[in-house]
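The lines below spell out each chain.
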Amino acid sequence: MISLADLQRRIAAGELSADAAIAQSLAAIGAQDKTIGAFVCRADSVRAASAGPLRGIAVGIKDIMDTADFPTEMGSPIYRGHRPRGDAAVVMMLKQAGASIVGKTTTTAFASTDPTATLNPHNHGHTPGGSSSGSAAAVAAGMIPLALGTQTGGSVIRPASFCGVAAIKPSYRLLPTVGVKCYSWTLDTVGLFAAGVSDVAHGLAAMTGRPELLPQASVPTPRIGIVTQDFAGAPEASGGEALRIATRATERAGATARALELPEIVAEAWRVHPVLQEFEAHQALAWEYRENYDAMAPLIRGRLDESKGTLPAAYDEALRIARRARHALAQVFEDVDVLLTLSAPGAAPKGLGSTGDARYNRLWTLMGVPCVNIPAHVADGGLPVGVQVIARYSADAEALAAARFVEQALK
Ligand SMILES: NC(=O)CC(=O)O
């Protein structure tokens, strides 16, 4: 994989020109994407910016984010050839930091669950996950050092786990969703994929202009709460093994890691996530659902059919439960610095019929807390399995620092 931080260092030191760095990514895309299928469309040539911390960094953008230079098709024939007039806010943040957008990465239709044709670079017989399928696959395949995705359920952390890359779903609204096709305005969160945790940190710090997100010289030893999310059901063997491996590694590295039960109201919030998500989706996708029903992908159309009757009262109750759960979760972080839990039930499912299950991700998206995926285990078939570090709301720097600790402990 291509390390963003290493490219930055080599470009700053004059060892590599920014244009050469971009050219390397374009060549890698040309060589691999015929097989992997991570990009919907891509540039043939791109000039690097002359300034900015992300100059020379080739970035892939999930194709639900508006781009003035490329079509934005939402993973749906309803938007085939659609050309937004301008860039989404996060695309402009990347450009203002000097990054070069080299293409649009595949997404499930409207970032829901209808699988794409993208292959898992570690084992082409398996899915890369979703809904940010192409972003995770393009980074994992070593085509680009940075990609943007989104998460409403588990669409950043789960594909990152399946593809063996680092990723962050930042605190809710750390990054704007202006110009990003909405599925659920309470849940939709823009995230980043990169080779390692430090690479994610450098990318997010550069985009946001927040130097506090940059990796610090020393990595503090965190107090870790191990959370198994039993309310979400038991994991597969490989998922449970990944959490056991990561737990043991952090203890060997000197961290305290203790099993932690979440308050019942937090488990209740996990249960109501789908009510809130689908109620908002019916409003966010009302035009597509009514005016283009037959052109909608089957899984998202089926989910909207099933949730058509959700009443405002049920939605309001879900919001109340989520608010109470966020307060209860904040108290959990009085005793630990971060939580460590499963990123996915196990390794990537076989075939391309499913992008996997968000059951270990959706709670944290609703809580709005920062989540960082770290590859932790390699299951049968060479398939990666990750774990995620979770910090309290707005503690993105702490989440990244603790994730670096876990990443280093696993080496
Ligand atoms: N957008 C999403 O997060 C959906 C998913 O988890 O598959």
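Residues numbered from 1 in each chain as written. Predicted model: local features only at pLDDT ≥ 70, side-chain atom pairs only at ≥ 80, totals over all residues. Heavy atoms only, no water.

Draft legend 1. Here's a closer look at the overall build of the protein chain. Regarding its fold elements, the protein chain presents 13 helices and eleven strands. Its C-alpha radius of gyration of 20 Å places the protein chain within 12% of the 22 Å reference for a compact globule of 411 residues. In terms of its C-alpha atoms, the protein chain occupies a principal-axis envelope of roughly 55 × 55 × 40 Å. Across the 411 residues in the protein chain, those meeting the buried criterion constitute 60%. Considering only intrachain contacts with a sequence separation of at least 6, the fraction spanning at least 24 residues in the protein chain is 77%. Summing over all exposed atoms, the protein chain offers an accessible surface of approximately 15000 Å²; the carbon and sulfur share of this is 52%. (Helix = DSSP H or I, 4+ residues; strand = E, 2+ residues; numbered from the N terminus. Rg over C-alpha atoms; globule rule 2.2 N^0.38 Å. Buried < 20%, exposed > 50% of the residue type's maximum accessible area, 1.4 Å probe, protein only. Contact = heavy atoms within 4.5 Å. Areas by Shrake-Rupley, 256 points an atom, 1.4 Å probe, with all protein chains shown as cover.)

Draft legend 2. Molecular detail of the sheet that holds strand β6 (residues 189-194). Taken together, the eleven strands give an open sheet; going across it, the order is β1-β3-β2-β4-β6-β5-β10-β11-β9-β7-β8, and neighbouring strands pair in mixed fashion. The open sheet has two edge strands, β1 (39-42) and β8 (256-259), and neither has a second partner. Within this sheet the neighbouring strands show an average axis-to-axis angle of 30°, counted without direction. Taken strand by strand, helix α2 (residues 18-36) contacts β1, β2 (58-62) and β3 (100-105), and its axis lies near 135° from that of β1. (Pairing = 2+ DSSP bridges. Axes fitted to C-alpha atoms, helices over the stretch in contact; angles between N-to-C directions.)

Draft legend 3. Fine view of the site of the ligand. Within the structure, the ligand sits among A111, G130, S131, Q151, T152, G153, G154, S155, R158 and A358. In this structure, G153 approaches the ligand through a main-chain N or O atom, which is 2.6 Å from an oxygen atom. The separation between an oxygen atom of the ligand and a polar side-chain atom of R158 is 2.7 Å. A total of 230 Å² of accessible area belongs to the ligand in isolation, and the protein chains cover 94% of it. Class assignment for the residues of the shell around the ligand results in two nonpolar, seven polar and one charged. (Near = heavy atom within 4 Å. Polar contact = N/O pair within 3.5 Å; in protein donor to acceptor, adjacent residues only side chain to side chain. Nonpolar A, V, L, I, M, F, W, Y, C, P; charged D, E, K, R; others polar.)

Draft legend 4. Representation of the pattern of salt bridges within the structure. Tallied over the entire structure, the rule returns 19 salt bridges. The shortest N-O distance in the salt bridge between R9 and D6 comes to 2.8 Å. Taken as a pair, R9 and D6 lie in helix α1 (residues 4-12) at a separation of three residues, close to a single helical turn. Between D337 and R223 there is a salt bridge, with the nearest N and O atoms lying 3.0 Å from each other. Taken together, the residues span a long stretch of sequence, with D337 in the loop between α11 (312-332) and β9 (338-342) and R223 in strand β7 (residues 223-226) at a distance of 114 residues. When its relative accessible area of 31% is taken as the criterion, D337 is described as partly exposed. Classification of R223 by relative accessible area gives partly exposed; the value is 36%. What emerges from the salt-bridge pattern is a single network uniting D6, R9, R10 and E15. (Salt bridge = Lys/Arg side-chain N within 4 Å of Asp/Glu carboxyl O.)

Draft legend 5. Quick peek at the pairing of β8. Sheet topology places β7 next to β8; four bridges connect them, and they run parallel. Across the sheet, residue G225 finds its bridge partner in β8, namely R258. A crossover connection joins β7 to the parallel β8 through helix α7 (residues 237-252); in handedness this β-α-β unit is right-handed. (Right-handed = clockwise from strand over helix to strand, strands pointing away.)

Draft legend 6. The arrangement of the pairing of strand β10 (residues 371-379) in detail. When strand β5 (residues 166-169) meets β10, the two strands line up antiparallel, connected through three bridges. Within β10, the position partnered with I168 by the bridge is V372. Judged from the eight bridges that link them, β10 and strand β11 (residues 383-390) form a sheet pairing that is antiparallel. Across the sheet, the residue bridging to V372 is V389, located in β11. Between the antiparallel neighbours β10 and β11 lie three residues, among them G381 with a positive phi of about 80°.

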